[in-house]
2 protein chains.
Amino acid sequence: MSKTPIPKPTESELEILQVLWQHGPSTVRFTNDQLNQRREVGYTTTLKLLQLMLDKGLVLREDDSKTHVYRAAVREEETQGLLLDRFVDSAFGGSAMKMVMQALGNHPTSADELAQIRSLLNQIEEQRNGNSTSKPQNDEPA
Amino acid sequence: MSKTPIPKPTESELEILQVLWQHGPSTVRFTNDQLNQRREVGYTTTLKLLQLMLDKGLVLREDDSKTHVYRAAVREEETQGLLLDRFVDSAFGGSAMKMVMQALGNHPTSADELAQIRSLLNQIEEQRNGNSTSKPQNDEPA
DNA sequence: TTGTATCTACGACGACTTTCGTATATGTTT
DNA sequence: AAACATATACGAAAGTCGTCGTAGATACAA
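A brief look at the structure comes next. Keep in mind it's a predicted model, so treat the numbers as computed, not measured. (Residues numbered from 1 in each chain as written. Chains lettered and ligands numbered in written order. Predicted model: local features only at pLDDT ≥ 70, side-chain atom pairs only at ≥ 80, totals over all residues. Heavy atoms only, no water.)

## Some thoughts on the packing of helix α1 (residues 11-23) of chain B against helix α3 (residues 43-56) of chain B
Residue and element names in this part refer to chain B. Between α1 and α3, whose axes approach to 10 Å, the crossing angle comes to 90°. Classified by the angle their axes make, α1 and α3 are roughly perpendicular. Facing α1, whose interface residues are Ser12, Glu13, Ile16 and Leu17, α3 presents Thr46, Leu49, Leu50, Met53 and Lys56. For the contact of α1 with α3, a count of residues per class yields five nonpolar, two polar and two charged. (Axes fitted to C-alpha atoms, helices over the stretch in contact; angles between N-to-C directions. Helix = DSSP H or I, 4+ residues; strand = E, 2+ residues; numbered from the N terminus. Parallel < 35°, antiparallel > 145°, perpendicular 65-115°, else oblique. Contact = heavy atoms within 4.5 Å. Nonpolar A, V, L, I, M, F, W, Y, C, P; charged D, E, K, R; others polar.)

Structure follows, in structure tokens:
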């Protein structure tokens, strides 16, 4: 019954998690190479980070072979959700609405993406109303 | 032509900015009182923070009277936009879409808010298409 | 004038994060 | 075996952030 007490990853740890999420279980070498495509990071720096993340429970590792293989111990969406909560709280005073509006306003959004969002909105509304039909109702009954 | 080089506020600085945004120009005492409604913070801590923020250019102050009055030097939406960019980058690999979907999925959203978002989506689409009519088009023509 | 309350300025400490140098183990090649 | 490449472990430096103690200034009350 205890919720998983996921520790909040730091920015650098997030960078690493992105690599692991995207590419699956990886060696230190591979992870470091990926990071270096964006910015310069020393090998031992990446190693140390992964070791710390292991302590925190953010990653798991297999040391069957000489070279250890790390993989994410936290799921992408779960982690992002956690961070999102914190962020909405500290930057938007808790109003997720405000944040969504800002995001939609500031970032270029393709027509396809707009459609995706609309579809999600429909889903939410249907679930809220407990409808099993997909027919949209326009007004509340008088 | 130079974009305003707003330094990224830390979490504590954000807390203070929220107070200033919400209540307008404030003394250290008032600001500290506000903060203490949420958590315990020492007076000199708040003072120090405000002084640092003054150096960074995040706030301005008037020291006409003995007691200084601080006010936000950065606008709310601008700052939030800046932070949002950084956050989307580090937590969602740059995909604002993914983040919006998460936010809508995870947070309870009232019917009214859903309508607000729909309205915003319509606006965006109209602007993109350069339409002056507000008539919504339902389908793409076959 | 003397005491009291309230303010600003400033320095410093502890926690956390990121970074890297160095030591050491292990495997590989000649 | 000797030299070399590559891996992990560990300690520590450097920077940032939040916190607060203390000193000194200023106004006001008794």
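Read on, since the account is not over.
## Here's the deal with the environment of Thr45(A)
Residue and element names in this part refer to chain A. Relative to the elements of secondary structure, Thr45 occurs in helix α3 (residues 43-56). The exposure class of Thr45 is partly exposed, given its relative accessible area of 37%. Residues Thr45 and Asn32 lie 13 residues apart in sequence; the distance between their C-alpha atoms is 8.7 Å. (Buried < 20%, exposed > 50% of the residue type's maximum accessible area, 1.4 Å probe, protein only.)

## Quick word on α1(B)
Residues and elements named next belong to chain B. The end-to-end C-alpha distance of α1, which contains 13 residues, comes to 19 Å, matching closely the 18 Å that a straight helix rising 1.5 Å per residue would cover. Restricting attention to buried positions, one finds in α1 the residues Glu13, Leu14, Ile16, Leu17, Gln18, Val19, Leu20 and Trp21. At the C-terminal side of α1, Gly24 shows a positive phi close to 80°. (Expected span 1.5 Å × (residues − 1).)

## Points about the protein's contact with DNA strand D
Taken together, 21 residues surround DNA strand D, and among them Arg29(A), Tyr43(A), Gln51(A), Thr10(B) and Arg39(B) come closest. Of everything in DNA strand D that lies within 4 Å of the protein, sugar and phosphate atoms constitute 61%. Within the side chain of Lys48(A), an N or O atom sits 3.2 Å from a base oxygen of DNA strand D. Arg39(B) places a polar side-chain atom, nitrogen or oxygen, 2.9 Å from a phosphate oxygen of DNA strand D. Where the surface near DNA strand D is concerned, the elements lending two or more residues are α2 (28-35) and α3 of chain A together with α1 and α3 of chain B. No other element matches α3(A), which puts five residues into the surface near DNA strand D. Counted by class, the surface near DNA strand D contains four nonpolar, nine polar and eight charged residues. (Near = heavy atom within 4 Å. Polar contact = N/O pair within 3.5 Å; in protein donor to acceptor, adjacent residues only side chain to side chain.)

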